[in-house]
Each structure stands twice: as C-alpha cells, then as structure tokens.
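# Descriptive analysis of the structure
Next come the chains, spelled out residue by residue.
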Protein chains: 2
Amino acid sequence: MTDNFHTIVIGAGSGGLTVAYGLASIGRRVALIEAHHVGGDCTNVGCIPSKTLIHLAQQCDGDGTAALARVRQKRDALRAKETQEFGAVANLSLIFGRARIIAPHQVAVAPSDGGERILTARHIVIATGARPRLLTVPGLPAERALTNERIFEIDHTPQHLAIIGGGAVGVELAFAFRNLGSRVSIIDIAPRVVTRYPPEASHAIEESLRARGVTLYLNARVDSYDEAAHTLCVEYAGQTTLLEEVDAVLIAVGRERNIEGLGLEKAGVRVTPRDGIVTDAYGRTSVPTIYAVGDVTATSAFTHSANAQGRRVVQRIAFPWLPARDPEPLFPGVVFSDPEVATVGMSPQQIAQRYHPNLIKRIHINLATQTDRGYTDDVRQGFILVDAIRLTGRILGVTIVAPKASEMISFFTLAIQERISLYRLYRIVYPYPTFSSGIQKVADTFLRDTLTGLPGELCAYLRYRLAKSKGAMGAAPASAVVK
Amino acid sequence: MTDNFHTIVIGAGSGGLTVAYGLASIGRRVALIEAHHVGGDCTNVGCIPSKTLIHLAQQCDGDGTAALARVRQKRDALRAKETQEFGAVANLSLIFGRARIIAPHQVAVAPSDGGERILTARHIVIATGARPRLLTVPGLPAERALTNERIFEIDHTPQHLAIIGGGAVGVELAFAFRNLGSRVSIIDIAPRVVTRYPPEASHAIEESLRARGVTLYLNARVDSYDEAAHTLCVEYAGQTTLLEEVDAVLIAVGRERNIEGLGLEKAGVRVTPRDGIVTDAYGRTSVPTIYAVGDVTATSAFTHSANAQGRRVVQRIAFPWLPARDPEPLFPGVVFSDPEVATVGMSPQQIAQRYHPNLIKRIHINLATQTDRGYTDDVRQGFILVDAIRLTGRILGVTIVAPKASEMISFFTLAIQERISLYRLYRIVYPYPTFSSGIQKVADTFLRDTLTGLPGELCAYLRYRLAKSKGAMGAAPASAVVK
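Right, let's walk through the structure included here.

Reading the values: rules and limits
Residues numbered from 1 in each chain as written. Chains lettered and ligands numbered in written order. Predicted model: local features only at pLDDT ≥ 70, side-chain atom pairs only at ≥ 80, totals over all residues. Heavy atoms only, no water. Helix = DSSP H or I, 4+ residues; strand = E, 2+ residues; numbered from the N terminus. Rg over C-alpha atoms; globule rule 2.2 N^0.38 Å. Buried < 20%, exposed > 50% of the residue type's maximum accessible area, 1.4 Å probe, protein only. Contact = heavy atoms within 4.5 Å. Areas by Shrake-Rupley, 256 points an atom, 1.4 Å probe, with all protein chains shown as cover. Phe/Tyr/Trp six-rings, centres within 6.5 Å; stacked < 30°, edge-to-face > 60°. Lys NZ or Arg CZ within 6 Å of the ring centre and 35° of its normal. Pairing = 2+ DSSP bridges. Axes fitted to C-alpha atoms, helices over the stretch in contact; angles between N-to-C directions. Patch = residues over 30% accessible without salt bridge, like charges linked within 9 Å, V, L, I, M, F, W, Y side chains within 5 Å. Salt bridge = Lys/Arg side-chain N within 4 Å of Asp/Glu carboxyl O. Core = buried A, V, L, I, M, F, W, Y, C linked by side-chain atoms within 4.5 Å. Left-handed = near helix turned anticlockwise from the far one by under 90°. Expected span 1.5 Å × (residues − 1). Disulfide = S-S within 2.5 Å. Buried area = accessible area lost by both parts, 1.4 Å probe. Polar contact = N/O pair within 3.5 Å; in protein donor to acceptor, adjacent residues only side chain to side chain. Least-squares fit on C-alpha atoms with pLDDT ≥ 70 in both. Parallel < 35°, antiparallel > 145°, perpendicular 65-115°, else oblique. Nonpolar A, V, L, I, M, F, W, Y, C, P; charged D, E, K, R; others polar.

So, about the overall build of chain A. Helices and strands together make up the secondary structure of chain A, namely 15 helices and 23 strands. Relative to a compact globule of 483 residues, whose C-alpha radius of gyration would be 23 Å, chain A shows 24 Å and is just as compact. Judged by the C-alpha coordinates and their principal axes, chain A covers about 75 × 65 × 40 Å. By residue count, 56% of the 483 residues in chain A fall in the buried class. Of the contacts made within chain A by residues no fewer than 6 positions apart, 62% connect residues no fewer than 24 positions apart. With an accessible surface of roughly 19,600 Å², chain A has 52% of that area assigned to carbon and sulfur atoms.

One pass over the structure, following the stated rule, counts twelve aromatic pairs over all chains. An angle of 85 degrees between the planes, with centres 5.3 Å apart, marks the rings of Tyr423 of chain A and Phe446 of chain A as edge-to-face. One end of the pair, Tyr423 of chain A, is in helix α13 (residues 422-425); the other, Phe446 of chain A, is in helix α14 (residues 437-452), with 23 residues separating them in the sequence. For Phe446 of chain A, a relative accessible area of 0% gives the class buried. By way of ring pairs, the aromatic residues Phe411, Phe412 and Tyr430 of chain A are connected into one cluster. Note that Lys74 of chain A overlies the ring of Tyr375 of chain B, its terminal NZ or CZ placed 4.3 Å from the centroid. We note Arg312 of chain B situated over the ring of Tyr282 of chain B; from NZ or CZ to the ring centre the distance is 4.1 Å.

Residues and elements named next belong to chain A. Taken in spatial order, the five strands line up as β19-β20-β23-β22-β21 in an open sheet, and their pairing is antiparallel. Either end of the sheet is taken by a strand with one partner, and the two such strands are β19 (333-335) and β21 (360-366). Strand-to-strand, the axes of this sheet are offset by a mean angle of 10 degrees, without reference to chain direction. Of the strand pairs in this sheet, β19 and strand β20 (residues 340-345) are connected by three bridges, and their pairing is antiparallel. In the strand pairing of β20, Gly333 is matched with Thr343. Contacts between helix α6 (residues 199-211) and the sheet are confined to β20, β21, β22 (383-389) and β23 (395-402), with β22 contributing the most and set at about 180 degrees to the helix. On top of the sheet, α14 reaches β21 and β22; it is set at about 140 degrees to β21, its chief contact.

Residues and elements named next belong to chain A. Taken together, the side chains of Ile26, Phe319, Trp321 and Leu322 define a hydrophobic patch exposed on the protein surface, amounting to about 390 Å² of accessible area. You can see Ile26 is positioned in the loop between α1 (14-25) and β2 (30-34). A residue is classified by how much of its surface remains accessible, and Ile26, at 36% relative accessible area, is partly exposed.

Our next topic: the nonpolar core. Phe412 and Leu425 of chain A together with Phe412 and Leu425 of chain B are the most contacted members of the largest nonpolar core, which totals 150 residues. In contact with Leu425 of chain A, not counting residues within four places along its chain, are Ile395, Phe411, Phe412, Ala415, Ile420, Tyr430, Ile439 and Ala443 of chain A together with Leu414 of chain B.

Looking now at the packing of helix α3 (residues 47-58) of chain B against helix α5 (residues 168-179) of chain B. Residue and element names in this part refer to chain B. α5 packs onto α3 with a crossing angle of 35 degrees between their chain directions and a minimal axis gap of 8 Å. The element α3 and its partner α5 pack so that their crossing is left-handed. Touching Ser50, Lys51, Leu53, Ile54, Ala57 and Gln58 of α3 are Glu172, Leu173, Ala176, Phe177 and Asn179, all from α5.

Residues and elements named next belong to chain A. For helix α3 (residues 47-58), built from twelve residues, the straight-helix expectation of 16 Å at 1.5 Å per residue is met to within 8% by its first-to-last C-alpha distance of 16 Å. Within α3, eleven of the twelve residues are buried, which leaves it mostly tucked inside the rest of the structure. Buried residues of α3: Cys47, Ile48, Pro49, Ser50, Lys51, Thr52, Leu53, Ile54, His55, Leu56 and Ala57, and no others.

Under the counting rule described, the total for this entry stands at 54 salt bridges over all chains. Here Asp378 of chain B and Arg70 of chain A are joined by a salt bridge, their closest N and O atoms 3.3 Å apart. Within this pair, whereas Asp378 of chain B is found in the loop between α11 (372-376) and β22 (383-389), its partner Arg70 of chain A is found in helix α4 (residues 64-87), the two belonging to separate chains. In this structure Asp378 of chain B comes out as partly exposed when scored by relative accessible area, which is 25%. With a relative accessible area of 28%, Arg70 of chain A lands in the partly exposed category. For the salt bridge of Glu418 of chain A with Arg424 of chain B, the shortest nitrogen-to-oxygen distance reads 2.6 Å. Here Glu418 of chain A, found in the loop between α12 (405-417) and α13, pairs with Arg424 of chain B, found in helix α13 (residues 422-425), and the two come from separate chains. Assessed through its relative accessible area of 9%, Glu418 of chain A is described here as buried. By sharing partners, the salt bridges in this structure join Arg131, Arg133, Glu256 and Glu260 of chain A into a single network.

Quick look at the sheet that holds strand β23 (residues 395-402) of chain B now. Residues and elements named next belong to chain B. The antiparallel open sheet is built from five strands, whose spatial order is β19-β20-β23-β22-β21. In this open sheet, the two edge strands, each paired with only one partner strand, are β19 (333-335) and β21 (360-366). Averaged over all adjacent pairs, the angle separating strand axes in this sheet is 10 degrees, with direction ignored. With six bridges connecting them, β22 and β23 associate as antiparallel partners. Its bridge partner lying in β23, Ala388 is registered against Ile395.

What follows deals with the state of the cysteines. Following the criterion strictly, the structure yields zero disulfides over all chains and no others. The structure places no disulfide on Cys42 of chain A, whose sulfur is separated from the nearest cysteine sulfur, that of Cys47 of chain A, by 3.3 Å.

With that settled, the discussion passes to the interface of chain A and chain B. By a frequent convention, interface size equals the accessible area lost on bringing the separate parts together. Facing the 58 residues of chain A at the interface are 58 residues of chain B. Overall, the association of chain A and chain B removes approximately 5,300 Å² of surface from exposure, summing both partners, and the carbon and sulfur fraction of that is 57%. Taken as a group, Glu407, Val429 and Tyr432 of chain A account for 15% of the area that chain A buries against chain B, more than any other trio of residues on that side. Here chain A and chain B share ten salt bridges between them. Summed over the shared surface of chain A and chain B, the result is 22 residue pairs in polar contact (both at pLDDT 80 or more). Contributions of two or more residues to the side of chain A that touches chain B are made by α3, α4, α8 (303-318), α11 (372-376), α12, α13 and α14 of chain A.

Before going further, it helps to examine the relation of the copies chain A and chain B. Once chain A has been moved 0.0 Å along the axis and rotated by 180 degrees, it coincides with chain B to within an RMSD of 0.0 Å. Between the two chains, the operation in question is that of a two-fold axis. The share of interface residues of chain A whose copies in chain B are also at the interface is 100%, consistent with both copies meeting through the same surface.

This next bit is on the packing of α12 of chain A against helix α12 (residues 405-417) of chain B. Look at α12 of chain A against α12 of chain B: their axes get within 7 Å of each other, and the N-to-C directions meet at 20 degrees. Classified by the angle between their axes, α12 of chain A and α12 of chain B sit roughly parallel to one another. The crossing of α12 of chain A and α12 of chain B is left-handed. Of the residues in α12 of chain B, those in contact with Glu407, Met408, Ser410, Phe411, Leu414 and Ala415 of chain A of α12 of chain A are Glu407, Met408, Ser410, Phe411, Leu414 and Ala415 of chain B. Each residue belonging to the contact of α12 of chain A with α12 of chain B can be placed in one class, and the counts come to eight nonpolar, two polar and two charged.

In this section: the side chain of Thr399 of chain B. Residue and element names in this part refer to chain B. Position of Thr399 among the secondary structure elements: in strand β23. For Thr399, a relative accessible area of 5% corresponds to the buried category. A polar contact of 3.2 Å, which involves the side chain of Thr399, links it to the side chain of Thr343.

Structure (structure tokens):
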C-alpha cells in the first residue's frame, strides 16, 4: 500500500467523518487519522451519551446507576458500530495515531502501535475538535473533578453534584442528574446561565432549574474544596458560602481547540486566539491545500455545524468547478434543557450592531399563557421571540423556549434562509393545539401592529432605511426588502 | 337594544368565535348565538380535555381519578374564562339559545329562557359544528355507552374500555386510558386504524398500541353487549369473540354535521350529503349573505381548520374590496397519539389521481434507525414520508410519525405552500440530534438518487410532463416546476 492519498483527514469526529465518508464514497482515496475513538466528542463524550442520559432521566423509573450503565452500553455499541463501518468503507484508510502536518501536502503520523508514517495527499483537512477547558479547584481530588469526558464513566449518581459553569453542557447535565435524584448546584461567574442566548432564555431556564430544586450561584466563583468535610467553598453575594456533601464537581467552563502539536505554525496556517483556525466560507485555511472544519474553527460548536461545514468542504474539494458562492448557511443553536432553548439567525447583540433600534420590531409570545397547548400541558416557561424589520416583516433572529424547541426551530431556519416574511407566515395554518400555533400569534401581532400604525411604521422604516443607505449605519443587503 | 346586527354568528365554537371576535374587534355589531357552551367541542368535549388527559396520562404518577377530575377542572375554568371574556367583548352580544334562519338576513332565536327573538343582519355565519355519530349496540345500557361528549364526565378510569372506532378520537383516548391503567380494546370495521392517513402511519400506530398492551380487533364488528356477564360480543376473524369485563364502551365512529333545524333548505343554502354546507374558498354558501365555517363544511374537522376558515370569512365580510384570490391554505392533519401522526399536502390517493406514478419520487426515512435521536431515545416507530415530483423536487405531500410530529409538520406546510423544493431543503442545517435531522436525510436521498440517475430522471420527467400537458393526465399548475 502506498502512503499517497487524495485527502488526509485529521480527526474522526463529526466533521472529519463527514468529509472522509463524503470523499471516499465518490471514489477519492482518503486517510482518516484518529488519536482516540471514532465518533469524536459527539459519539463518545457529547451528544450521544448526554441525550441518552437526558432521555432516561425523564423516564418514570429513573434509576441513576442503571441509566449510567445503559448510557455507556449504548455509547460503546455505537462506537463499535461506527469504528467497524468506517473501517470497512472502500477507499478509506482508518489510521489510529497522532498526526502532524509537515508540509502543505504531507502529514507525519505516529501510529498507536509505534513508529512513524509519512502520508502525502492533495488536500489536508483538520478536524481535531476541542476538549473541555480545565479549572483547578484547590483541594479538589482528581477523582472528584469531572468533565464531560469523565462524567459518563461514573457508576452512581452523585449525592450532591456541583457544576461549575452554566453553559449548555452544565445546564443539560444539571437537569439530567437532578431528575435522577442528585442534589445539584450550579456555580457560574456570569450573572446568568446560557449566556450565548438572549437573557429571556436564561431567565426561563433559571426558573425551571430552580423549580426542580437546582440551586444557582450566579455572579459567583469557586474558591476551594475541603476533602475532609466534603464541602465546596464558593464566593457568592459578597460572602463565603459552603456547599455541603459535595461528592462530585463537574467542570463545564468552556472548551479549548485541539490545535497544538499539529504543526500549524510551521505549515503557515493562520490561527487567531478568538477564532481558532481561520477559514473562508468553504473551510479553506490560509494554506490553499489545507482545510479545517468543526470546533477548531470559529463556527458554533455543534455537531450539525461541523457536519454542514464538512459537506461544504467535500463539495469544494470534489467539485472545485462548482460555483462556491453560497454564503454559509444558518447554524441553529440548541440547548437540550427542559424546556429546550433553540435559536437561529442574528442574536439581539448582532442586530443592535447592525440596525437602528427603531427599525426593529420585537415580538414575544408567551407559550405558557398565550397558547392552549401551554394550558393543557401546564407549561410554566416558554416563549417565541422574534426580531424582525419593521414594515417589511423580514425575520432577523428567533429564539424559542419550549419543551421541543429543537424540533420547532427549523421552521424559522427555513423562513429566514428563504427570506419568507411574517406576512407570509400569517397565511400558514398551524396545527392546534401545539406550541407552533404560537407562530400564528407572532404573525398576527406583527400584522395588527403594522396595519394599525401604518403611517408611523412607514415613516420609521423610510427614515432608518435612508439613513442606512447614506452609510450612517451598517449596510444590509438590498434584498432585505421583502419579496 | 335593537335586534339589528352587522353579522349574526350561529355557534360559539372555534370557527364561530373566530368570526365573531374578529368582526367585533374592528367595530362591527355581532350577535353570537350558542345553544350549549361557549368554546364548542374544542373547549368542552374535544381538544382541551383530551390533550389535558393525554398529557396527565403521560406523567409518572398517572392516577386516573385525579387526572379525570383535573381535566374537568381545567375545562370548566377555561369555559368560564371564555364565557366571561366573550360576554364582555365590545360590539358582541352573546345570546344563549337555538337559532333558525328564516330569511337571507333574518334569524329567529329561541333563547334558553323562553320566548323568541328575531334578529336581522347583513351577514349570517353558520358555525354549528358536528356531534358524534351514534351507534346502537344491542344490550348496552345507556350509562356504559360513552362518546367524546360524555367520556370526560366519568369519575374513574374503566377497568376495560372497549373503543368502537380506530380514528383519531378512538386512538388518542386509547393511549390515554391505557397509560392510566385501563385495559383497552379497539374494534374497527376497517382493516386499519386512522384510515385518513397513509397505511404506513396506521401500521406504526397499531404497533405502538399493541406494544402498550392495547388489543386491536380490525376488520371486526360489534355484535352486542351482555350486561349480566359484562361482555362485549365482537365478530372478528370469522368467529365470535367475547371481550370480558368491559365496563365502558366509547363510541367513536365518526361525526355528523349539526345542520338540522337551521332552516337551510328554506333559505336555499346548498347542502350535499358528502360535503355538508357547500361554500366557496372564502366560506360563502350558495346564498350570498350566508357563510359557513368549521365542521358543517367539507373542511377537515380540526380546530385549526375552523379558525383558518373563520379568518378568511372575517376578511371577506369586513374587507370585501380586498382581493379574494388566495387559494385555501394547506390544512395540516394531526393525531395526538404516541408517537404522533401529522400530515400536510396531498394524500397518496390524491397524488395517484393526479399524477402518473412514474412522475413521483417517494422518500421514506426511518426515524428509529436512521436518526441518532431515534437511537438515544429508544424510538421504535417513526418516519418521514415525502412524495415529491421527480427531478424538480417539488413536494406534494408529507406524513410524519414521531413523538412530536405536530411540532414538526409546519416546516413542511411552509415548504409546500411557498413551493420550496427538496433542493433548497438540502441547504438547511437541522439541529443535531433531533428527529428534524431526518429532513436532511430526505433531501440527501432525493439529491443522491436524482443526480446519480440524471438522464433517467430527466426522461421520466419529460415523458410524463408532456403526456400531462397534452391532456392525458390531470393538469398541474405551470408553476409546478421548481423556481
């Protein structure tokens, strides 16, 4: 076997597998190099075990020990299946080992079984992902310090799980372990949980966490752990608070890109501290033969983002003559909390940077009080929040908090990406009784407010549009006006 | 008070309330006549109590007696709230009594408190809904014969509930009472349940019912009931079967329109046995001053359909100068079973009547085996079934079976109504892991099959398109070709 390939993919997680399988399936010779397990974070320490645990924890007979064992069983089965399947794909060589780029077309691999191999290829794709950021808590023994990489290995649910970090990972696992009977506390330095989402979403999730008995320490910092007393010492609300009987600490304070030791600097691949590996809209780095997808880039750290990037890289590498003009698609964001949070489009901050506030119409529909499904299902927290351009009804950004927000958000991904205005969403019939019928109320509200205040809406629209076209504000594409 | 109104609405269910509130809120004087309860079937004997019961039955501590009491409590609270709110709407006179049309502008009302009032108006809207069709079971005492109008009045869950009729009502309540601990049997004369949906959906629901221990007697008919022995005698599979310990029988064999005693014939309103009151796309009957919405018409018997029709009637009556050219919107259909069934667009039969089978590309994605959400959630039944036109990717009809299909279907309502092809759905990023990511697989499958067999696809498309344009087949609009 020659060590000459069409493409070398470094990392067999979601993004890398998408590229490797996509190219191999159309006949390109691919080397896929993986240092740990096929499936990456998603299969091994992310989506698959966490969503399985969340699901089992919602069942009536939620037995923690059994649930954790089942999570490992399902994860191992999937990992074995993926390893076997990808090992058997024609044109795809799965190599276990560590990779380092030594030239724009060359990768050195240190296989798990020793030695070194030099591989050459026309293209190199970096998909090495990220790992949990670590945090040292003075006094905390290593066996009590968990991250998402270790938490699915524990045998029993903790008596009191302290979670440092109220992001998506921390919040999702807080619901799961609380449902399985653990006492759960979340400590975050920020004033709210899930800070990547609008404050309304944070508050809904905080309410839901508290209603379930999770204790939140916001604007707080962890000081130290006392192994003898099993207490976690937290600085909170101007004083020192002792969290008692803490037998496990989940550190979920963000992620760090796996970009060390890859030889990026020597190869000339541009990296910035904020965005990681810099790429164009089709994943190409500053070195034309080298691409990057997934968590090593600036994209949102989701499996679906990595997959979507991977598909675009496949298109670019395999069909370079196809036009590559499509802007990056919209990446939805989801937290699988209870209720779930889902968002797509521009965030309120992005909108504020780009548009004058008077040009924006914000609509908030409370799913608990304004939909009959909220009434029948005794829902306490939930909403659809839409930011749109006044008069035209063009949708800019949407956040949904609802039991199955993750299944509702694609409606708005489609609407925004296809530039379907609120006028047209008004004409859709939504099934009753569902949370989706809240979309009807969003459209009703927009139409009522727009039509009853038409002269004012028109003036506001023209004033800020004209100001914008004179360069007073950031430019929006001309096609922003609804079709 | 004069008895002269702008519009008289007969029936305060979903459709009638939509019209009455819509017109009153823009200053038209409306008389709303109701013979029973405000809220109609939906609030009183339909969606609200059934969805509340379904939700409570899914909770871990499903106590039947408590759940039924809670259902009545929530229904009564909502009914009282709606009665009070609609009684207080400006310009709206809520009158309890029976109405009869005596002339194109005149309605006689026999109020609940006696006497008769003659009301006149420019427009009359009939929204009297439907009632459960009755079925006589020899030997069955009246107190054991339930319909959806009486089942929410029972105090305790039956020991063995026999449900005659496997339509949406029968199936939804079968899941609910089974979850609450009743033994449940479904008897239907048809070979499958939910016959309005594609056979694939029926089979998934039958599997799920059986997995939960519900016994199905299909191709069967009820013979008689023996009160002494508490047995229901059923003709099934060529022999007589005795269902034992049956203490309640739910009759859910369809619905009959409430069109008697309204004076329709005398007024000249056209009625057909199949379609009920015949209307145009904006709800106008054969008498120009008289409109009809909801279950008295041929529309699908859903609250959301009645609401949508009501909105169009409001537009037609209040703004007659607005263009009334929009075709009727797409009405999704939903069964709140477990998993749920949702459908939108043309049914397989409608497609077969209109298009040559070779012009249709059918895509079936199994959500249990082909999505990771199916894997994490141990889903057994579930699919997305899409019928599209070959080559163009124009979507004609969709059926989804999934835990929250009701929240997923609006994506396709939007796609079909806005004529967004499968090529464009391919470019959407769906959150992972969700059942919605099955839509990605639908689009992938379409693209792969179309691109790999392009010459064949093109030939097939042109052959059947040309045949059609020569009149050999039913005509499709020219805009059927994807934009």
